[in-house]
Amino acid sequence: MECKARPAAIAQDAIPIASEAFAFSILPHGRKPANVDPGGGRYREMRFMLRKGLVILRPGDGDEAEWSDWIAAHAGQVFKLRGADRGAALHAMGNEAEACREPLNITSRSPGELRLISNFAHTPFVLDGMTYAGIEGFWQGLKFPDEADRQRLAGLYGSAARDAGYYAPRSEELHYGGKRVLIGTWDHWQLMKRACIAKFAQHDGARAALHATGKRPLVHHVKPDSRTIPGVIMAQIWMAIRARL
């Protein structure tokens, strides 16, 4: 994983402060401590205590204001420790969610712009000559064999499109583009992928929201899970499209 910020150099002094505390110095990247290079300039002395799985830092006398500013600027960030016997460096890896690659659950209730990634979002696009108000209208419309019904659902999105799909005749297959497609199969999922590709290519807001998720894993956890396109398949489609942005 690449660091997202330049590290501060940390040099350990030899003077113990307490049985489990030692003085150490933090310098800007590329600077050397004065006890190594007398011409290296002023550096900060701080204190740290070592515990199992924990390093406790305290500012030196007179450095409280600068310390507070640094803490505020790095709040919520994850650091990676690199070092050897004579010194160490803490490298900023970015905020915790990004650095730890915490999964993002994409649903119609996702916060902010993330909702635009969801199939329920109002994200108009054109596919095969038909204009759709959103992905849900496309997906539910596939259930209807009559073209007039598909056109009607094409104008719907969100829960309205989902609810309209409840009135479709039950079937284990559908026809699209002159081809017979079994419901819930790879071919069926490829229709969803084509629609999503069109959506993210044509809708700037949805594309920006998807791109903003970076490299974090996407999931689609809803209850109950879809019988025709499970959440894991939907998430894979989004991430595959994101990789091409």
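Refer to the structure above for everything that follows.
The following paragraphs examine the structure supplied in this document. Being a predicted model, the structure only gives us computed values, none of them experimental.

## Topic: the side chain of T228
Summarising the element assignment, T228 is placed in the loop between β12 (218–219) and α8 (231–242). The exposure class assigned to T228 is buried, which follows from its relative accessible area of 12%. Of the polar contacts made by the side chain of T228, one reaches the side chain of W139; its length is 3.4 Å.

## A look at the packing of helix α6 (residues 186–202) against α8
With their axes 10 Å apart at the nearest point, α6 and α8 run at an angle of 40° to one another. Here α6 is positioned oblique relative to α8, judged by the angle of their axes. Helix-helix and strand crossings are classified by hand; for α6 and α8 the assignment is right-handed. Here W189, M192, K193, C196, I197 and F200 of α6 come into contact with α8, specifically with I233, M234, I237, W238, A240 and I241.

## Here we look at helix α4 (residues 147–154)
Of all the residues in α4, the buried ones are R150, L153 and A154. For α4, the angular spread of the buried residues around the axis is 110°, confining them to a single face. Against the buried residues of α4 lie β9 (130–132), α3 (135–141), α5 (158–165) and β10 (173–176). By the N-cap criterion, in which a side-chain oxygen at the helix start approaches the backbone nitrogen of a residue two or three places on, α4 is capped by D146, the distance to A148 being 2.9 Å.

## Structural notes on the pattern of salt bridges
Enumeration over the complete set of coordinates arrives at five salt bridges. Measuring nitrogen to oxygen at the nearest pair gives 3.1 Å for the salt bridge that ties R162 to D163. For R207, the salt bridge identified is with D204, shortest N-O distance 2.5 Å. Highlighted residues: R207 and D204, both in helix α7 (residues 204–212), separated by three residues, approximately one helical turn. Residue classification places R207 among the partly exposed residues on the basis of a relative accessible area of 27%. Taking the relative accessible area as the measure of exposure, D204 reaches 54% and is therefore exposed.

## Looking at the pairing of β10
Burial along β10 is one-sided: L174 and Y176 are buried, and none of E173 and H175, which face the opposite way, are. In terms of strand pairing, β10 meets strand β11 (residues 179–182) through four bridges, oriented antiparallel. Note that in β11 the partner of Y176 across the bridge is K179. Hairpin remark: β10 followed by β11, antiparallel, with two residues in the connecting loop; positive phi at G177, about 60°.

## Focus: α8
The terminal C-alpha atoms of α8, which comprises 12 residues, lie 17 Å apart, in line with the 16 Å expected from a rise of 1.5 Å per residue. The set of residues buried in α8 consists of G231, I233, M234, A235, I237, W238, I241 and R242. Those residues of α8 that are buried are in contact with α6, α7 and β12.

## Looking at the packing of α6 against α7
Two numbers describe how α6 lies on α7: the axes approach to 5 Å, and their chain directions differ by 100°. Our classification of the angle between α6 and α7 gives roughly perpendicular. Residues K199, F200, A201 and Q202 of α6 touch α7, and the partners they reach there are D204, A206, R207 and L210. Class assignment for the residues of the contact of α6 with α7 results in four nonpolar, one polar and three charged.

Rules of the game
- Residues numbered from 1 in each chain as written.
- Predicted model: local features only at pLDDT ≥ 70, side-chain atom pairs only at ≥ 80, totals over all residues.
- Heavy atoms only, no water.
- Helix = DSSP H or I, 4+ residues; strand = E, 2+ residues; numbered from the N terminus.
- Buried < 20%, exposed > 50% of the residue type's maximum accessible area, 1.4 Å probe, protein only.
- Polar contact = N/O pair within 3.5 Å; in protein donor to acceptor, adjacent residues only side chain to side chain.
- Axes fitted to C-alpha atoms, helices over the stretch in contact; angles between N-to-C directions.
- Parallel < 35°, antiparallel > 145°, perpendicular 65-115°, else oblique.
- Left-handed = near helix turned anticlockwise from the far one by under 90°.
- Contact = heavy atoms within 4.5 Å.
- Arc of directions from axis to C-beta.
- Salt bridge = Lys/Arg side-chain N within 4 Å of Asp/Glu carboxyl O.
- Pairing = 2+ DSSP bridges.
- Expected span 1.5 Å × (residues − 1).
- Nonpolar A, V, L, I, M, F, W, Y, C, P; charged D, E, K, R; others polar.

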